[in-house]
Amino acid sequence: MRSDLPLVVLLPHPDDEFAVLPFLGEAASAGRDIRLVWLTDGGAGRASPAVRKEESLSVLAASGIRGAMCRFLGMDEGLPDGELHRHLRRAKRALDGVVMGIPGPFELWLPAWEGGHQDHDATHALGRMVARQRDAEAWQYPVYRSGDRWGWTFTVLSPLPSMPLGRVVRLPIRDALALIRRCFGYRSQWRSFMGLLPLVAVRLLLLRRPMVMGPVDPTAPLERPHPGVLLYERRSACAWTDLRAAVSEFRPA
């Protein structure tokens, strides 16, 4: 991870930035050129894309992350929350418009390939193609996924055992509490965070586990993320066979 490279961060939905806020804070403090790109409109259910956009911008500002270029491609291009895998070609064209203005190498962050949300995995596949085409240095961040031992549970900010670790930040109690407090800024998503935040608190405060990122090999095959039922399959949001078919053209040759 090079601190002198421009940084492009791919985010499936407004609020997914909570999973990288400490890393973003470090990048902002270092004065890096940061481009944040949200790839769906965040409008699943009765959510308001405009409200979710403002919540994300407010949380970033409250976290001291200012001066970043923020592109809400999902809103601009009408890429629906929950269905990014059905619109990957259009998303790729829009994303190319963002990265084409970066003349040299850059660093790319993308959600982990972990089977948690179909939009997260679709964003990962899309990011891998961009990394291959632009020879970008790619890193992945875990968000949430099925638990390792019990199929009905899920974990938050926890990497798959198969994910190599390359960046580890163990937050002091004060900073962990600040991160949890920032998540209350996503008021429209209170139902989701009612389930997420207790697990975040257990991981960061009780177990004292670090936040992590891992390097991505863009040429590696996109196989099923892990054995057993994927979280988005359990929620009947998307079948693995549908996701696999959708990202097939984004697999390495």
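You'll find the structure just up there.
Residues numbered from 1 in each chain as written. Predicted model: local features only at pLDDT ≥ 70, side-chain atom pairs only at ≥ 80, totals over all residues. Heavy atoms only, no water.

**So, the environment of Leu110**
Then, in step 1: Within the secondary structure, Leu110 is located in strand β4 (residues 107–111).
Then, in step 2: Overall, Leu110 belongs to the buried group, its relative accessible area being 0%.
Then, in step 3: In sequence terms Leu110 and Leu230 are 120 residues apart; their C-alpha atoms lie 19 Å from each other.
Then, in step 4: If we ignore the near neighbours within four places in the chain, the residues touching Leu110 are Leu10, His124, Gly127, Arg128, Ala138, Trp139, Gln140 and Tyr141. (Helix = DSSP H or I, 4+ residues; strand = E, 2+ residues; numbered from the N terminus. Buried < 20%, exposed > 50% of the residue type's maximum accessible area, 1.4 Å probe, protein only. Contact = heavy atoms within 4.5 Å.)

**Section: a nonpolar patch on the surface**
Then, in step 1: A grouping of Val202, Leu206 and Leu207 is seen on the molecular surface, where their side chains present a nonpolar patch of about 280 Å² in accessible area.
Then, in step 2: In this fold, Val202 is placed in helix α7 (residues 190–206). (Patch = residues over 30% accessible without salt bridge, like charges linked within 9 Å, V, L, I, M, F, W, Y side chains within 5 Å. Areas by Shrake-Rupley, 256 points an atom, 1.4 Å probe, with all protein chains shown as cover. Salt bridge = Lys/Arg side-chain N within 4 Å of Asp/Glu carboxyl O.)

**Some details on the pattern of salt bridges**
Then, in step 1: Within this structure, the stated rule accounts for 9 salt bridges.
Then, in step 2: As a salt-bridge pair, Glu249 and Arg89 come within 3.1 Å of each other at their nearest N and O atoms. Separated by 160 residues along the polypeptide, Glu249 in the segment after α9 (240–246) and Arg89 in helix α4 (residues 88–99) bring together distant segments of the chain.
Then, in step 3: Judged by relative accessible area, which is 42%, Glu249 ranks as partly exposed.

**Observations concerning the packing of aromatic side chains**
Then, in step 1: One pass over the full model with this rule turns up 5 aromatic pairs.
Then, in step 2: The interplanar angle of 80° and the centroid separation of 6.3 Å between the aromatic rings of Phe23 and Trp109 together place this pair among those described as edge-to-face. Linking Phe23 in helix α1 (residues 21–29) with Trp109 in strand β4, this pair joins segments that are 86 residues apart in sequence. Exposure class is identical for Phe23 and Trp109. Each is buried.
Then, in step 3: On the basis of an interplanar angle of 0° and a centroid distance of 4.1 Å, the ring pair of Trp38 and Phe72 is categorised as stacked. On the criterion of sequence distance, the pair formed by Trp38 in strand β2 (residues 34–38) and Phe72 in strand β3 (residues 69–72) is long-range, its members being 34 residues apart. One exposure class covers both Trp38 and Phe72, and it is buried. (Phe/Tyr/Trp six-rings, centres within 6.5 Å; stacked < 30°, edge-to-face > 60°.)

**Quick look at the nonpolar core**
Then, in step 1: Phe18, Leu24 and Trp109 are the most contacted members of the largest nonpolar core, which totals 39 residues.
Then, in step 2: Breaking this core down by element, the ones donating at least two residues are β1 (7–11), α1, β2, α2 (49–62), β5 (137–141), α6 (173–183), α7 and β9 (211–215).
Then, in step 3: With 5 residues, the top contributor of residues to this core is α7.
Then, in step 4: When neighbours within four sequence positions are excluded, Phe18 is seen to be in contact with Val143, Val156, Leu157, Leu179, Cys183, Tyr186, Phe193, Val200 and Met211.
Then, in step 5: Among the nonpolar cores identified, the runner-up in size contains 35 residues, and Leu108, Ala136, Leu230 and Trp240 belong to it. (Core = buried A, V, L, I, M, F, W, Y, C linked by side-chain atoms within 4.5 Å.)

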